[in-house]
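Here's the letter readout for the chains.
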Amino acid sequence: MSMPLKKVAVASVFVLLTMLGAASGRADAPDEEADALRVWLVFNLAPVGVETPLPPVDDLIRHWGAAGIDLRRLRDKARSSPEFLRQLLGQQAILEQLAQFRRDRKEFPRIDVEMFGWEEYWDTLRSTPMARQADLAQIPSSWCSSLAGDLRVLAPLTDAQARQVAADADARFLEPCRVNGEGPPFGVPWLLDVRMLF
């Protein structure tokens, strides 16, 4: 039985992929998208070591498509902007991890990946109609409360997902994933870092 996926904010793509993959398929999606998990990520890795000349965009899309990672939604941006293509090529590590995740789980649906620069991401999250938003999105913890609370862009984790996350993480780490630190979590922390002033 196929059930629609909820929009969920997570910072670690892999934490919820297994749970969401079991619910593959969206009732509101066209047939060609119904069995894909839509994932939105932000460019996090600098395009270090990206060689020139840049490869043809269609070759890149075909390469990752063979691994079940669909980058077709990025075709126009990558063709029109060499810098966007360089940034996309710089994300090879995360794409390889997604491909390995799928190889290890043969039954997992195709992963439809979109990537964004930080400068466009906030407006994209706020303005994209719900039917076209990601099933899984990378969200900075400082945005989670606003997107989940006032803007109602995010859905909370299911009870089962929240229990699993609570068993694996200290409650203090989940506070940024809640609206004003209270209520159900709307995401899972990707990483924690320490900032120091000297």
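Scroll up to find the structure.
Let me begin by describing the structure that accompanies this report. Worth saying up front: this structure is predicted, and the values here are computed from it rather than measured.

**Observations concerning the side chain of Q91**
- Tracing the backbone shows Q91 in the loop between α4 (82-89) and α5 (92-104).
- Look at Q91 and you get buried, because its relative accessible area is 2%.
- Leaving out residues up to four positions away in the same chain, Q91 has contacts with V42, F43, N44, L45 and M115.

**Considerations on the pattern of salt bridges**
- A full pass over the atoms with the stated rule returns 11 salt bridges.
- The residue R79 makes a salt bridge to D58 at a minimum N-O spacing of 2.8 Å. Of this pair, R79 sits in helix α3 (residues 75-80) while D58 sits in helix α2 (residues 57-65), and the two are 21 residues apart along the sequence.
- You can call D58 partly exposed: its relative accessible area is 29%.
- Taking the shortest distance from any N to any O, the salt bridge between K77 and E120 comes out at 2.9 Å. Highlighted residues: K77 in helix α3 and E120 in helix α6 (residues 118-127), separated in sequence by 43 residues.
- Via salt bridges that share partners, D58, R75 and R79 belong to a single interconnected network.

**Quick look at the side chain of S145**
- Here S145 shows up in helix α7 (residues 141-148).
- Of the polar contacts made by the side chain of S145, one reaches the backbone nitrogen of N180; its length is 2.9 Å.
- Not counting residues up to four positions away in its chain, the partners in contact with S145 are D150, P176, R178, V179 and N180.

**A closer look at the state of the cysteines**
- All told, the structure shown has zero disulfides when counted by the stated rule.
- Here C177 stays unpaired: no disulfide links it, and the sulfur of C144, its closest cysteine neighbor, is 5.2 Å away.

**Details of the pairing of strand β2 (residues 36-42)**
- Among the seven residues of β2, seven are classified as buried, and the element is accordingly described as predominantly covered.
- Here seven bridges tie β2 to strand β4 (residues 110-116), and the two strands are oriented parallel to one another. Across the sheet, residue L41 finds its bridge partner in β4, namely M115.
- Summarising the sheet, β2 and strand β5 (residues 136-137) pair through two bridges and their orientation is parallel. Looking at β5, one finds that V39 is bridged to L136.

How each quantity is defined
Residues numbered from 1 in each chain as written. Predicted model: local features only at pLDDT ≥ 70, side-chain atom pairs only at ≥ 80, totals over all residues. Heavy atoms only, no water. Helix = DSSP H or I, 4+ residues; strand = E, 2+ residues; numbered from the N terminus. Buried < 20%, exposed > 50% of the residue type's maximum accessible area, 1.4 Å probe, protein only. Contact = heavy atoms within 4.5 Å. Salt bridge = Lys/Arg side-chain N within 4 Å of Asp/Glu carboxyl O. Polar contact = N/O pair within 3.5 Å; in protein donor to acceptor, adjacent residues only side chain to side chain. Disulfide = S-S within 2.5 Å. Pairing = 2+ DSSP bridges.

Interpretation note: all reported values are geometric properties and have no functional meaning in isolation.
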